[in-house]
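Fold and contact review
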Amino acid sequence: MILIDAVTKRYPDGTTAVDRLTLEIPDGSITVLVGPSGCGKTTTLRMINRMIDLTEGRITLDGADIRDQPVNALRRSMGYVIQNAGLFPHRTIADNIATVPRLLGWDRRQAKTRALELMERVGLDVSLAKRYPYQLSGGQQQRVGVARALAADPPVMLMDEPFSAVDPVVRKGLQDELLRIQSELGKTIVFVTHDIDEAIKLGDMVAVLREGGKLAQYAPPSELLSAPADPFVEDFLGVDRGVRRLSFFTAAGVELNSVPVVAVDSGAGQIAERMIPQMPYLLVTDTEGRPLGWAEGKKRMSGDETLIPYGHSFTAGRDSLRAALDSAVISPTGWAVAVDENGRAVGVASQETIAAAIRAAHAERQADA
Ligand SMILES: Nc1ncnc2c1ncn2[C@@H]1O[C@H](COP(=O)(O)OP(=O)(O)OP(=O)(O)O)[C@@H](O)[C@H]1O
């Protein structure tokens, strides 16, 4: 565990960047530091690997004060990833990744093997190993940055806005990749971002800092969304925090109706059986059961309609209530389409049914609390 214990950082010009910050950073999980620009996130991160000296308080790693450890050994036990990757421009990708193993005395071949293994782990094609950083896209460079930080298998990873400089699609890919790697490796990760969505997606624990380097709240993301400590945190979380909170509830409780689902080759008799009074639409699937679109029941009987696009589906039992609600909101019929893991329609759910599941989930959570 990393313990940040009543730590203050004052810069020589008198700026208090971090003010009596206390955080217990648990092992094997992702702790995100989030907050507006200038609230002391980077300063905090850099005090952990002693790139910046703290002014007051102490930081311990597994009970030992970090100031009692040789600084080089401390830094090697902590991978460090920054925005724009910070790669060495004149070294190949493989050599960049092998930097720390080489410093640790691994022989060239061993370090190269490790570099290639890590390229695969972070989702990079090994054919890129001989390229130089400028020959890679921003997203690929960022992956190299992560691979380089993982090279000597450090127990701790410090990541300072590592994905901020790439476009939203690449960024989502990098975030998903980080979560996948983390589920395999279980590092102790301290991750800095100013993006609350990123914090909520990645963090097991999220520390919200406010200006002047003060801790506003330290909690798991679902708790942050359900019970922000004060108006600052509430404001920082944004107006759609209720909807975002639904990401933490499973859609398993949504009651599905499989009746208004028909295969594209169904005959008039089957279609008639599948029409229900409260709904003028039928969900039409291909012969494998995958959704194609909505049809108005009566027109389907006469076979002269074009299908209405259904937007997107949610996976029953796996996706969240947020995904289910979004699916219903985006659907022109107001009904969400639920599929199984193989993409086959298992039923449809109305906005009212989803609202009922949301109420039930909230009630259950309150009863647990
Ligand atoms: N070397 C320095 N000397 C004086 N003040 C500094 C120094 N480095 C940072 N600061 C100040 O300390 C405060 C915290 O800076 P820090 O970089 O830790 O914030 P941050 O939350 O990471 O910001 P950002 O999101 O913009 O990167 C800011 O007010 C900054 O201006």
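Residues numbered from 1 in each chain as written. Predicted model: local features only at pLDDT ≥ 70, side-chain atom pairs only at ≥ 80, totals over all residues.

By the naming in an unreviewed UniProt entry, the protein goes by ABC transporter ATP-binding protein and is assigned to Streptacidiphilus alkalitolerans. Under the heading Sequence similarities (unreviewed entry), UniProt records this for the protein: "Belongs to the ABC transporter superfamily." (UniProt positions renumbered as here; feature names shortened; annotations may be inferred.)

**Focus on the site of the ligand**
Near the ligand, the surroundings consist of 13 residues, among which Tyr11, Ala17, Ser37, Thr42 and Thr43 are the closest. In terms of residue count, the dominant contributor to the shell around the ligand is helix 1 (residues 41-48) (three residues). Partitioned by chemical class, the residues of the shell around the ligand number three nonpolar, eight polar and two charged. (Near = placed C-beta within 6 Å. Helix = DSSP H or I, 4+ residues; strand = E, 2+ residues; numbered from the N terminus. Nonpolar A, V, L, I, M, F, W, Y, C, P; charged D, E, K, R; others polar.)

**Quick word on the sheet that holds strand 14 (residues 313-315)**
A sheet is described by the order of its strands in space; here three strands give the open sequence 14-15-16, paired in mixed fashion. Two strands in the sheet have a free side with no partner beyond their single neighbour: strand 14 and strand 16 (345-350). When the angles between neighbouring strand axes are averaged without regard to direction, this sheet yields 35 degrees. For strand 14 and strand 15 (residues 335-339), the ladder comprises three bridges, and the chain directions are parallel. Looking at strand 15, one finds that Thr315 is bridged to Val339. Its contacts with the sheet put helix 14 (residues 321-330) on strand 14, strand 15 and strand 16, and the angle it makes with strand 15 is roughly 130 degrees. Docked against the sheet, helix 15 (residues 351-368) engages strand 15 and strand 16, running at close to 85 degrees with respect to strand 16. (Pairing = 2+ DSSP bridges. Axes fitted to C-alpha atoms, helices over the stretch in contact; angles between N-to-C directions. Contact = placed C-beta atoms within 7 Å.)

**Here's the deal with the sheet that holds strand 5 (residues 64-65)**
The strands that make up a sheet pair up through hydrogen bonds in the backbone, lying either parallel or antiparallel. An order of 2-1-4-5 is seen for the four strands of this open sheet, with the pairing classed as antiparallel. The open sheet is flanked by strand 2 (16-25) and strand 5, the only strands paired with a single partner. Pairing between strand 1 (residues 2-10) and strand 4 (residues 56-61): five bridges, direction antiparallel. When the bridges of strand 4 are listed, Ile2 appears paired with Leu61.

**Description of the domain arrangement of the protein**
In terms of domains, the protein is made up of domain 1 (2-238) and domain 2 (252-361). The straight-line distance from the C-alpha centre of domain 1 to that of domain 2 is 43 Å. (Domains from an automatic or database assignment.)

**Brief notes about the nonpolar core**
Ranked by size, the top nonpolar core spans 69 residues in total, and within it Ile97, Ala147, Leu158 and Val206 carry the most contacts. Among all residues touching Leu158, those that are not within four sequence positions of it are Leu45, Ile48, Asn49, Met78, Gly79, Tyr80 and Val190. Counting residues in each nonpolar core, the second largest holds 32 residues, with Leu246, Phe249, Ala345 and Ala349 among its members. (Core = buried A, V, L, I, M, F, W, Y, C linked by C-beta atoms within 7 Å. Buried ≥ 20, exposed ≤ 12 C-beta atoms within 10 Å, placed from the backbone.)

**Overview of the environment of Leu150**
In this fold, Leu150 is placed in helix 6 (residues 138-150). As for Leu150 and Phe248, which are separated by 98 residues in sequence, their C-alpha atoms are 29 Å apart. In this structure Leu150 touches Gly79 and Leu118, once residues within four positions along its chain are discounted.

**Side note on the UniProt feature "domain: ABC transporter" (unreviewed entry) in the protein**
Following the UniProt record, one finds the feature "domain: ABC transporter" (unreviewed entry) at residues 2-237. For residues 2-237, the helix share is 38%, the strand share is 25%, and the end-to-end C-alpha distance is 26 Å.

**Details of the environment of Lys130**
Positionally, Lys130 belongs in the loop between helix 5 (108-121) and helix 6. Spatially, the C-alpha atom of Lys130 lies 34 Å from that of Asp195, the residues being 65 residues apart in sequence. In this view, Lys130 contacts Thr92 and Ala94; residues no more than four positions away in its chain are not counted.

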